[in-house]
Amino acid sequence: MRLFPQDVKVSALGRVPLFSGLSKKELAQLARLSDDVEVEEGHVLCREGQTGREFFVIVEGDVDVTRKGKPVKRIGGDDFFGEIALLEDIPRTATLKAKTPLRLFVLTRRDFRRLVDTSPSVERKVMQSLARRLLALSDDPTLG
């Protein structure tokens, strides 16, 4: 089921730092791989401690984020989460639960890896984005 036009997805993916170096064509490839989803209030999108395998982009609605059962923040339309799950098998660091009905799209690690395997330029650009983010977050001058 298609909920969102391609340009909405491409625009949203373009705002994700991990994908900042990708061309419109590459973003469109990612967008085509994603699934449009609607969920009801109260639905748990991911649980703290469980291994993540998907990346989410919220188009409409609000999500409550909790850590160790305590509220951390609320995120909503145009927010995203789970991009590290596209790259690594690591436990989720928070639980995210729909505060309101949601409209979002989801990209799975399997689909992302399939694109990366067939498009080395996407892999290279994602790695460059990761390196830039790491340097921006670090005060260690020896990392450059």
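See the structure above.
Attention here is on the structure that accompanies the text. (Residues numbered from 1 in each chain as written. Predicted model: local features only at pLDDT ≥ 70, side-chain atom pairs only at ≥ 80, totals over all residues. Heavy atoms only, no water.)

**Concerning the nonpolar core**
Keep this limit in mind: Among buried residues, those of type Ala, Val, Leu, Ile, Met, Phe, Trp, Tyr and Cys that are joined through side-chain atoms within 4.5 Å constitute a nonpolar core. With a 1.4 Å probe rolled over the protein chains alone, any residue whose accessible area is under 20% of its type maximum counts as buried; one over 50% counts as exposed, and the rest are partly exposed. What counts as a helix is a DSSP run of H or I of at least four residues, what counts as a strand is a run of E of at least two, and both are numbered from the N terminus.
Membership of the largest hydrophobic core comes to 23 residues, with the highest contact counts inside it found for L13, F19, L30, F55 and F112. At the level of elements, α1 (6-14), α2 (24-33), β3 (54-60), β8 (102-108), α3 (109-118) and α4 (120-137) are the ones that each hand at least two residues to this core. Tallying contributions element by element places α2 first for this core, with 4 residues. By size, the runner-up hydrophobic cluster in this structure holds 15 residues, among which are V39, A94, L96 and A98.

**Points about the pattern of salt bridges**
The line we're drawing: By definition, a salt bridge exists where a carboxyl oxygen of Asp or Glu is found within 4 Å of a side-chain nitrogen of Lys or Arg.
Within the structure shown, the criterion is met by 8 salt bridges. Note that R15 and D78 form a salt bridge whose closest N and O atoms lie 2.9 Å from each other. Here R15, found in the loop between α1 and α2, pairs with D78, found in the loop between β5 (70-76) and β6 (80-81); they are 63 residues apart in sequence, far enough to count as distant. The residue K125 makes a salt bridge to E26 at a minimum N-O spacing of 2.9 Å. Of this pair, K125 sits in helix α4 while E26 is found in helix α2, placing the two residues 99 residues apart along the sequence. As far as burial versus exposure is concerned, K125 and E26 are alike and both buried.

**What about the packing of aromatic side chains?**
Rules: Aromatic contacts are taken between Phe, Tyr and Trp rings whose centres are within 6.5 Å, Trp giving its six-membered ring; a plane angle under 30 degrees counts as stacked, one over 60 as edge-to-face, and the others as tilted.
Enumeration over the complete set of coordinates arrives at 5 aromatic pairs. Look at F55 and F80: their rings are 6.1 Å apart centre to centre, the planes differ by 55 degrees, and that puts the pair in the tilted class. You can see F55 sitting in strand β3 and its partner F80 sitting in strand β6, a full 25 residues away along the chain. Judged by centre distance (4.7 Å) and plane angle (15 degrees), the rings of F56 and F81 are stacked. Taken together, the residues F56 in strand β3 and F81 in strand β6 connect sequence positions 25 residues apart.

**Quick notes on the sheet that holds β8**
How we decide: Any two strands between which DSSP finds at least two bridges are classified as paired.
In space, the 4 strands of this open sheet follow the order β1-β8-β3-β6, with antiparallel pairing throughout. With one partner strand each, in any of the chains shown, β1 (35-39) and β6 form the two edges of the open sheet. Sheet topology places β1 next to β8; 5 bridges connect them, and they run antiparallel. When the sheet's bridge partners are listed, D36 is paired in β8 with F105.

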